[in-house]
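# Coordinates in review
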Amino acid sequence: MTKPHILVARAIFPETLARLAQQFEVEANPDDAIWTKAQLIERLQGKVGAFTTGSERVDTEVLAACPQLRIVANMAVGYNNFDVDAMTAAGVLATNAPDVLTETTADFGFALLMATARRVTESEHFLRAGKWTKWSYDMFAGAEVHGSTLGILGMGRIGQGIARRGAHGFGMKVIYHNRSRLSPEREAECEARYVDKEELLRTADHLVLVVPYSAASHHAIGAAELALMKRTACLVNIARGGIVDDAALAVALREKRIAAAGLDVFEGEPKVHPDLLTVPNVVLTPHIASATIPTRMAMANLAADNLIGFLTQGKPLTPLNPEVLTR
Ligand code: 8YV
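### Thoughts on the domain arrangement of the protein
In terms of domain boundaries, the protein breaks down into domain 1 (5-100 + 293-326) and domain 2 (102-284). Its C-alpha centre places domain 1 at a distance of 31 Å from the equivalent point of domain 2. Between domain 1 and domain 2 lies a buried interface of about 560 Å² when both sides are counted; carbon and sulfur atoms form 40% of it. Taken as a group, Asn80, Asp99 and Thr295 account for 67% of the area that domain 1 buries against domain 2, more than any other trio of residues on that side.

As structure tokens, this is what we get:
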């Protein structure tokens, strides 16, 4: 019996590739080349499944050109690279990789908040540049984190992880805004209070963005929102590029309309808005919030398990459009 053919669109762990190769004929991408849409379509020919990361867009054009495709498994919890409605219409199952990265990503959200508020990278650059000649009482004085008010925009699993860290670990007052309010039990567990977006912006000493990207969240933080924030506030984005208007943020940082920002994601990444590269009060990291080996391994294995579960038994673990299964 011939094995189903699948495409693994980016380089991944050899162990995960080996697991997939037990079940499927696998075309991999060992050089980790970033394919154009045309190249992706070409390589998808004859494949019933695809393993993707956030960098491959699956839209109507790809779906129309690959009618044999049955499943695309994303090695990411976010899936804004998928047009899920088009996938559903085409009868293609979409899966993501939730839960396995929640705590690791929340850890990083906190790392970025701490680095931003306490000016860790800015002061390190100063030291490396040989500029540290003496101690002074206000050198790199930053913002207080413990006991301050932590605002969270987007209160899914990662947002709740950040809330728990803030409330339980740092004695922070936690406020949040989300499309839907958490249950009273969940709010109690996170010690978080629901507020409207304006109150969130005006009240937070530190604002962490954990909201999924969609047309509705595009530029959710732009010049008008930044103007509502405290001048002493720090903004952290570990969600997706495009949620913050990066050009407006660079202006706000340069003009000290907010104190600082920590960014792990960027509009049009891996390109970074040039103005963000020249302002000192921003901590910049290359989309690494989920990057620990055990977590990345768990994400890769969950994507692989979705392919194996669906293509061998019709049972994916984390489907985004389960209606496809009942057709
Ligand atoms: C991924 C992420 O590493 O899971 C997500 O949504 O943003 C990251 O954890 C990245 O998207 C590559 O797949």
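That was the structure; now back to the text.
### Considerations on the pattern of salt bridges
Opposite charge on two side chains permits them to pair, given that their charged atoms come into close proximity. On inspection of all chains with the given rule, the structure shows 18 salt bridges. Close ionic contact of Lys37 with Asp59 constitutes a salt bridge, the shortest N to O distance being 2.4 Å. Taken together, the positions of Lys37 in helix 2 (residues 37-44) and Asp59 in the loop between strand 3 (49-52) and helix 3 (60-65) put the pair 22 residues apart, joining distant regions of the chain. Accessibility expressed as a relative area gives 30% for Lys37, which makes it partly exposed. A salt bridge links Arg128 to Glu124, with the shortest nitrogen-to-oxygen separation between them at 2.6 Å. Placement of the pair is Arg128 and Glu124 together in helix 6 (residues 120-128), with a separation of four residues, close to one helical turn. The exposure class assigned to Glu124 is partly exposed, which follows from its relative accessible area of 34%.

### Notes on the sheet that holds strand 10 (residues 234-237)
Overall, parallel pairing links the seven strands, which are arranged 8-7-6-9-10-11-12 in an open sheet. Looking at which strands have only one partner, the edges of the open sheet turn out to be strand 8 (192-194) and strand 12 (282-284). In this sheet, neighbouring strand axes are inclined to one another by 20° on average, regardless of whether the strands run parallel or antiparallel.

### Remarks on the packing of helix 5 (residues 102-117) against helix 7 (residues 157-170)
Orientation of helix 5 relative to helix 7, taken along the N-to-C sense of each, is 55°, at an axis distance of 8 Å. Between helix 5 and helix 7, the interaxial angle falls into the category oblique. At the point where helix 5 passes helix 7, the crossing takes the right-handed sense. Counting all contacts with helix 5, which are made through Thr102, Glu103, Thr105, Ala106, Asp107, Gly109, Phe110 and Met114, the residues of helix 7 involved are Arg157, Ile158, Gly161, Ile162, Arg164, Arg165, Gly166 and Phe170.

### What about the side chain of Asp246?
Assignment of secondary structure puts Asp246 in helix 11 (residues 246-254). We note that Asp246 is buried and unpaired, the nearest opposite charge coming from Lys271 at a distance of 12 Å. Ignoring sequence-local partners within four residues, the contact set of Asp246 consists of Phe266, Glu267, His273 and Leu276.

The rules behind the values
- Residues numbered from 1 in each chain as written.
- Predicted model: local features only at pLDDT ≥ 70, side-chain atom pairs only at ≥ 80, totals over all residues.
- Heavy atoms only, no water.
- Domains from an automatic or database assignment.
- Buried area = accessible area lost by both parts, 1.4 Å probe.
- Salt bridge = Lys/Arg side-chain N within 4 Å of Asp/Glu carboxyl O.
- Helix = DSSP H or I, 4+ residues; strand = E, 2+ residues; numbered from the N terminus.
- Buried < 20%, exposed > 50% of the residue type's maximum accessible area, 1.4 Å probe, protein only.
- Pairing = 2+ DSSP bridges.
- Axes fitted to C-alpha atoms, helices over the stretch in contact; angles between N-to-C directions.
- Parallel < 35°, antiparallel > 145°, perpendicular 65-115°, else oblique.
- Left-handed = near helix turned anticlockwise from the far one by under 90°.
- Contact = heavy atoms within 4.5 Å.
- Lys, Arg positive; Asp, Glu negative; His and termini not counted.

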